[in-house]
Amino acid sequence: TSVTPVTKSNVKASNGTTVNVNKNGTAAVKAVKATKSKSVTVSATVKVNGVTYKVTTVNAKAFAKATKATKITLPASIKTINKSAFTGAKKVKTIVLKGKKSITVKKGAFKGVNTKKVTIKVNKKMSKKEFKKLKKALKKAGFKGKVVKA
């Protein structure tokens, strides 16, 4: 078996997450493992066929199988949240962003979620500049809830 990163779609990582992996060593979460858990945490890395990939993207409907999740935690490695990423995660109330830098949030990332009831908690070490940038990105993406440092 080769331990070189490859580009492949729809592969299951060792933790049960379905991902798209890239030969540059990054991965996009396509779907978290179906769970009835109230708390879902996306891993910073996933292993596919013995190769470790850094999780940098959350794709559309990544949390559709986590219908009971009220808290979703995203690792510091996440750079992009794509359109409809949270679609299907109807019960989500808290989204935790572990990173210290602002991220790209595509328009419609929260489609189907009542964001007025959602609080996004960001790393308390995030700078004022990055925090402002993130709040702007979230607003542009259609987020109407609270964004706090925690």
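Please refer to the structure higher up on the page.
Computed from a predicted structure; not experimentally measured.

Novice: Describe the environment of Asn22, naming the residues involved and giving the relevant values.
Specialist: Within the secondary structure, Asn22 sits in the loop between β2 (18–21) and β3 (26–31). In this structure the C-alpha to C-alpha distance between Asn22 and Lys125, which are 103 residues apart in sequence, comes to 30 Å. Those residues in contact with Asn22 that lie beyond four places of it in its chain are Pro5, Val6, Thr7 and Tyr53.

Novice: Account for the sheet that holds strand β4 (residues 39–41), naming residues and giving values.
Specialist: Each strand in a sheet pairs with its neighbour through backbone hydrogen bonds, running either in the same direction (parallel) or in the opposite one (antiparallel). In spatial order, the strands read β4-β7-β9-β11-β12; together these five strands make up an open sheet with parallel pairing. Edge positions in the open sheet fall to β4 and β12 (146–149), since each of these has one partner strand only. Between one strand axis and the next, the sheet turns by 15° as a mean value, whatever way the strands run. Judged from the four bridges that link them, strand β11 (residues 119–122) and β12 form a sheet pairing that is parallel. Following the sheet pairing, Lys121 is matched in β12 by Val148.

About the thresholds
- Residues numbered from 1 in each chain as written.
- Predicted model: local features only at pLDDT ≥ 70, side-chain atom pairs only at ≥ 80, totals over all residues.
- Heavy atoms only, no water.
- Helix = DSSP H or I, 4+ residues; strand = E, 2+ residues; numbered from the N terminus.
- Contact = heavy atoms within 4.5 Å.
- Pairing = 2+ DSSP bridges.
- Axes fitted to C-alpha atoms, helices over the stretch in contact; angles between N-to-C directions.

As far as function goes, none of this settles anything; it's purely spatial.
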